[in-house]
Amino acid sequence: MVKLQMQYLLGIRHTHAARRPHVPLPVMDSLRQDRCIFQSGNFFPALTLHPYFKTLVVTLLLGLLLGASACAQDLVTSRAILVDRDGDLDIQTVAEREFKDAGPILVGGFTDAVHWLRITVRAPREGGTFELRIRPTFLDEVVLYEPDPARPGAWLQRATGDRHANPDRPATTLGFLVTSLQEETTYYLRLKTTSSSLLAVQALEPAAARTDDLIRQLTHASYLAVMLSMVVLALLGLMNLRSHLAAVFLLYLTTQIASFVALNGYLAHFIPAAHAQWNDTLTSILVVGSVATGALFYRQVFRDYAASPLMLRVLDGFLLVVIVEFCLMGAGRTALALQINGDVVLLLGGLAPIIALTMRAGPQRERRIICGLVWLQAGALTLMMMPLLGVLSSGVNWIVDAPLSQGIVAAAVMCAILHQRTRSLVEARRRAEMEARMTHTLLDAERERASEQARFMDMLTHELKTPIAAVKMVFQLPEASESTRRYALTTLEDMDAVVERCQQLDLLQQGRFIPHREPCRVDDLLAEILAASPASQRLRLTTDTVPVIDSDRRLLKIILANLVDNAVKYSAPGSDIDCRIERQQDDAETLIRFCIENQAGPAGLPDPDKLFEKYYRSPHAHKYTGSGLGLYLVRHLAELLGTRLSYEQVHERARFTLWISA
C-alpha cells in the first residue's frame, strides 16, 4: 500500500512539475518548515535492538564466568569411552572391556551405536551425596550403573532422559543424586538416543549444584525475556505494517521459543510421568519445525529483496525435505529424520550467504547489513551443527550449549533483519506523507492562482467592457461633437492605463523589474508627469532644492505617475491636488520627502487595511475605470527601490508620502 501511495503521489508531483504553478513566498516558507519538521521529527519512533544485544552479551558472559567456576569444582577425575556398535553388551561385559580415554565431552553424532562412558569420581570433601549432572536434556535414555554396596560385584541401575520421568533431578538438566561409597568410585553410563550422541557429565557438590541451577535459571529467564520482547516487536510490525515478513518472523520466533523450552527439559513439568515418552516426540517435532520456519523466513526475506529465483527454488526444495522428515518421524524413523534435519541446517548455513549476495532490490546499505547478518548466522549454524553431526570431536564445553545459544543468536539476527525492513517501510511512509503534504500545498497554490486569474479576468472584463461600448457608440454617431470625441479619447487612455497596469504586474511577478540605478532628479520627473496629466491645471507643486539621487528612473517614474493618477481619479471634482517635494535631514541621512494630498471625492476614503491589496477598490469607486493594481504596484516597486511609502487620512483628505534616500 505504501508503494502504491508513493507512486500515486509521485505521479501527481510529476504532473505539476510539467506546469509548475507560481508558489508564493509564504507557501515556500511553509514547505521549508514542514521539511525541517519531517527531517527532525519523530513521527514513527525507530525500533532499536541495542538494549537486547547488551542484555544478551552480559548474560552470556556472566554464564560463562560462573559456569567456569562450577566446572572447577567438578569431582570427576577421569573419563573413558567404549563404543558398542551392536548395542548388545551388558554391564558385566563392559566392565571387563578396555576403554579409551575421553575428554570432558562425548561427541558421537547421529548413530545407532550405544556409547558407554566410564567415570571415576572422588568423594566430596565432607562426604555424603553429590549430584551427577548430565547434559544436554534432549537425550532419549542415559542409564547409570553404580556399585551395589550390599552385593560386591553387582551393579545398581537407574535411568533418565527425555523418555523417562526424572525424580532425582526436577531441574533443567538430567542427572542423579549419588551417595559416595569410598574415596574414589567408578561409575558407568550407557547412552542410547535417536538424537545426536552428545554427552557431558559433571559431578558437583550440593552447593556447587545449587549455584549451577541459579546460573542456568537466570540465563534461561534472560533468554525468554529477550525472545518475548522480540515477539512483541514482531506483533507491532505485523499490526502496523501488515507485512508478510513480520508474520513469518512471528511464526519463526514461536517455534524457536517452543524448541528452547523442549530442549531444556521444561516440557517434563507439563507432561504426566506415565506419558514421559511424549516429551521426546514433541521435542523432535519442534526441532524440525524450527528449521522449517527458519527456511521459510529466509525465503521471505530473500524474495522481498529480489534474490536469485533459482536460489529461491532451492530453498523450496529444503522445505520439501522438511515434509519428508515429518513423514519419516511418523513412520518411526526419528533418528534418520533428525540426521537429515541436521544435514539440512548445515547446508542452509552454507547456502544462505550465497543467496544473500544475489539480492538486487532495496537500498544498498540495507542489503549490506542483511548480508552481513546472514553470514554471521551461517557461521553460528555451522559451529552448532558440527558437534551434533560428529564432525567436531574436540572436547570443549561450549559445544554442549551451542544448540541452545543458537536460538537467541538466530532470533537476534532475524530481528535485526526485520528491524531494517521495518525502518525502510517507515521511511517510505514518511516520504509518502511528505509528498502528500507538498502535493496538497501545491494544489492549494494552484487553486489560489486559478482564483486570482478568475478575479483578474472579472476585473478586466468589467473595466474594458464599458469603455469599449462608449467608443463604439462614438464611432456610430454620424457627427460627433468635440466633447464626445474628447470623452472617447479619454476612454481609450483609461483602457490603455488598465492594460499597462496588467503588463507591469506581470513583470513584477516574474521578477523582471531589476533596478538599474543612475543619477536622476525627483523634481524633474514629477514636473514631467504633471505636465502630461490631463488635470495639470489642478495640480499644485511645491518643491525645495533637492539633490540628485541614485535610483532607477523608470521605476521611480512609475511610482510617482501612479500616485498622481490615483489622486486625480479619486479626488473631488474641481478640487486642487497638493504635491510637495521637501529635503529633510534624518540623523546622518539626507531624505527627499514626496507628499501628494487630495480631498476625497464621491468614492470616499479607502480602507487603510486593504488599500495596497491586489485588485482592491472601495465600494463606491467601481464607476471609475481602473484595475485596482496601481497602489499594489507602487508598494512593491517602492520596496524594490528601498524607499518607504505611507498613507494617512488628514481631515477627510488622503495623503501619500514617499521617503527617498538622497
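Preceding this paragraph is the structure being described.
This is a predicted model, so every value here is computed, not measured.

A. The arrangement of the overall build of the chain in detail. Along the backbone of the chain there are 15 helices and 17 strands. Across the chain, the fraction of contacts at a sequence separation of at least 24, relative to all contacts at a separation of at least 6, is 76%. Surface exposure of the chain reaches about 33600 Å², of which carbon and sulfur atoms provide 57%.

B. Representation of the packing of aromatic side chains. Applying the stated criterion across every chain yields a total of nine aromatic pairs. Taken together, a centroid distance of 4.9 Å and an interplanar angle of 45° make the contact between Tyr647 and Phe656 tilted. For the pair shown, Tyr647 and Phe656 are each scored as buried.

C. Quick peek at the sheet that holds strand β17 (residues 653-661). Pairing in this open sheet of five strands is mixed, and the strands run β12-β14-β15-β17-β16 from one edge to the other. Each of the sheet's edge strands pairs with one partner strand only, and the pair in question is β12 (539-543) and β16 (644-649). On average, each strand axis in the sheet is inclined to that of its neighbour by 20°, with strand direction left out of account. As defined by bridge partners, strand β15 (residues 589-599) adjoins β17 across nine bridges and the pair is classed as antiparallel. Of the residues in β17, the one forming a bridge with Cys595 is Thr657. Helix-sheet contacts for helix α13 (residues 522-532) involve β12, β14 (577-586), β15 and β17, and the interaxial angle to β14 is about 175°.

D. Quick look at the sheet that holds strand β10 (residues 198-204). Overall, antiparallel pairing links the four strands, which are arranged β3-β10-β5-β8 in an open sheet. Each edge of the open sheet is held by one strand with a lone partner, namely β3 (105-107) and β8 (174-179). Each strand of the sheet is rotated relative to its neighbour by a mean of 15°, with strand direction disregarded. Taken together, the six bridges between strand β5 (residues 129-135) and β8 define a ladder with antiparallel strand orientation. Following the sheet pairing, Arg133 is matched in β8 by Gly175.

E. Representation of the pattern of salt bridges within the structure. Counted according to the given criterion, the structure contains 26 salt bridges. Arg133 is paired through a salt bridge with Glu131; the nearest N and O atoms lie 3.2 Å apart. Like Glu131, Arg133 is buried. A salt bridge links Arg216 to Asp212; its shortest N-O distance comes to 3.1 Å.

F. Broad picture of the pairing of strand β9 (residues 184-192). Pairing between strand β4 (residues 114-122) and β9: eight bridges, direction antiparallel. Across the sheet, Val121 pairs through a bridge with Thr185, a residue of β9. Here strand β6 (residues 141-147) pairs with β9 via five bridges, running antiparallel. By the bridge assignment, Leu144 is partnered in β9 with Leu189.

G. Region of the structure containing unusual backbone geometry. Residue Pro136 is bonded to the preceding Arg135 through a cis peptide linkage, with omega at -5°. Among the secondary structure elements, Pro136 is positioned in the loop between β5 and β6. Despite not being glycine, Ala306 has its phi angle at roughly 55°, a positive value. In this structure, His651 takes a positive phi of about 50° despite not being glycine. Among the structural elements, His651 can be located in the loop between β16 and β17. Here His651 falls in the exposed class, since its relative accessible area comes to 75%.

H. The packing of helix α8 (residues 309-330) against helix α9 (residues 334-356), seen in detail. Interhelical geometry of α8 versus α9 gives an angle of 170° and a closest axis separation of 9 Å. Viewed along their axes, α8 and α9 adopt a mutual orientation that is roughly antiparallel. At the point where α8 passes α9, the crossing takes the left-handed sense. Taking contact as the criterion, the partners of Met311, Val314, Leu315, Phe318, Val321, Glu325, Leu328 and Met329 in α8 are, on α9, Thr334, Leu336, Ala337, Ile340, Asn341, Val344, Leu347, Leu348, Leu351, Ile354 and Ile355. Across the contact of α8 with α9, the residue classes tally to 16 nonpolar, two polar and one charged.

I. Seen up close, the nonpolar core. Membership of the largest hydrophobic core comes to 47 residues, with the highest contact counts inside it found for Leu253, Val301, Phe302, Leu315, Leu348, Met359 and Val374. Among the secondary structure elements, those contributing two or more residues to this core are β3, β10, α5 (206-241), α6 (244-263), α7 (277-304), α8, α9 and α10 (364-388). For this core, the element with the most residues is α6, which contributes nine residues.

J. Just α6, in detail. Taking 1.5 Å of rise per residue, the 20 residues of α6 would be expected to cover 28 Å, and the 28 Å separating its terminal C-alpha atoms lies within 8% of that figure. For α6, the tally of buried residues reaches 14 of 20 residues, placing the bulk of the element in the interior. Note on α6: the residue one or two positions beyond its end, Gly265, has a positive phi of about 85°.

K. Fine view of the environment of Pro363. With respect to the helices, strands and loops of the structure, Pro363 is situated in the loop between α9 and α10. A relative accessible area of 44% places Pro363 in the partly exposed class. Each C-alpha atom of the pair Pro363 and Ser424 lies 8.6 Å from the other, and the pair is 61 residues apart in sequence.

L. Geometry of the state of the cysteines. Following the criterion strictly, the structure yields zero disulfides and no others. With no disulfide of its own, Cys595 lies closest to Cys579 among cysteine sulfurs, the gap being 8.7 Å.

M. Molecular detail of the pairing of β14. The pairing of β12 with β14 spans five bridges and is parallel. Within the sheet, the bridge partner assigned to Leu541 lies in β14 and is Cys579. Across ten bridges, β14 lies against β15 in antiparallel orientation. In the sheet register, Cys579 faces β15, and the bridge partner there is Ile596. In sequence, β14 turns back onto β15 through a hairpin of two residues, with Asp587 there showing a positive phi of about 60°.

N. Molecular detail of a nonpolar patch on the surface. Side chains of Val232, Leu235, Leu236 and Met239 sit close together on the surface and give an oily, nonpolar patch of about 330 Å² of accessible area. Along the chain, Met239 turns up in helix α5.

O. Region of the structure containing the packing of α9 against α10. As a packed pair, α9 and α10 sit with axes 9 Å apart at the nearest point and diverge in direction by 160°. Put simply, α9 runs roughly antiparallel to α10. Note that α9 runs across α10; the crossing there is left-handed. In this structure, α9 contributes Gly342, Val345, Leu346, Gly349, Ala352, Pro353 and Ala356 to the contact, and α10 contributes Cys371, Val374, Trp375, Ala378, Leu381, Thr382, Met384 and Met385.

P. Geometry of the environment of Thr111. Relative to the helices and strands, Thr111 is located in the loop between β3 and β4. On the accessibility criterion, Thr111 (24% relative accessible area) is partly exposed. Sequence separation between Thr111 and Ser195 is 84 residues, and the spatial gap between their C-alpha atoms is 8.4 Å. From its side chain, Thr111 meets the backbone nitrogen of Ala113 in a polar contact 3.1 Å long.

What counts, and at which threshold
Residues numbered from 1 in each chain as written. Predicted model: local features only at pLDDT ≥ 70, side-chain atom pairs only at ≥ 80, totals over all residues. Heavy atoms only, no water. Helix = DSSP H or I, 4+ residues; strand = E, 2+ residues; numbered from the N terminus. Contact = heavy atoms within 4.5 Å. Areas by Shrake-Rupley, 256 points an atom, 1.4 Å probe, with all protein chains shown as cover. Phe/Tyr/Trp six-rings, centres within 6.5 Å; stacked < 30°, edge-to-face > 60°. Buried < 20%, exposed > 50% of the residue type's maximum accessible area, 1.4 Å probe, protein only. Pairing = 2+ DSSP bridges. Axes fitted to C-alpha atoms, helices over the stretch in contact; angles between N-to-C directions. Salt bridge = Lys/Arg side-chain N within 4 Å of Asp/Glu carboxyl O. Parallel < 35°, antiparallel > 145°, perpendicular 65-115°, else oblique. Left-handed = near helix turned anticlockwise from the far one by under 90°. Nonpolar A, V, L, I, M, F, W, Y, C, P; charged D, E, K, R; others polar. Core = buried A, V, L, I, M, F, W, Y, C linked by side-chain atoms within 4.5 Å. Expected span 1.5 Å × (residues − 1). Disulfide = S-S within 2.5 Å. Patch = residues over 30% accessible without salt bridge, like charges linked within 9 Å, V, L, I, M, F, W, Y side chains within 5 Å. Polar contact = N/O pair within 3.5 Å; in protein donor to acceptor, adjacent residues only side chain to side chain.

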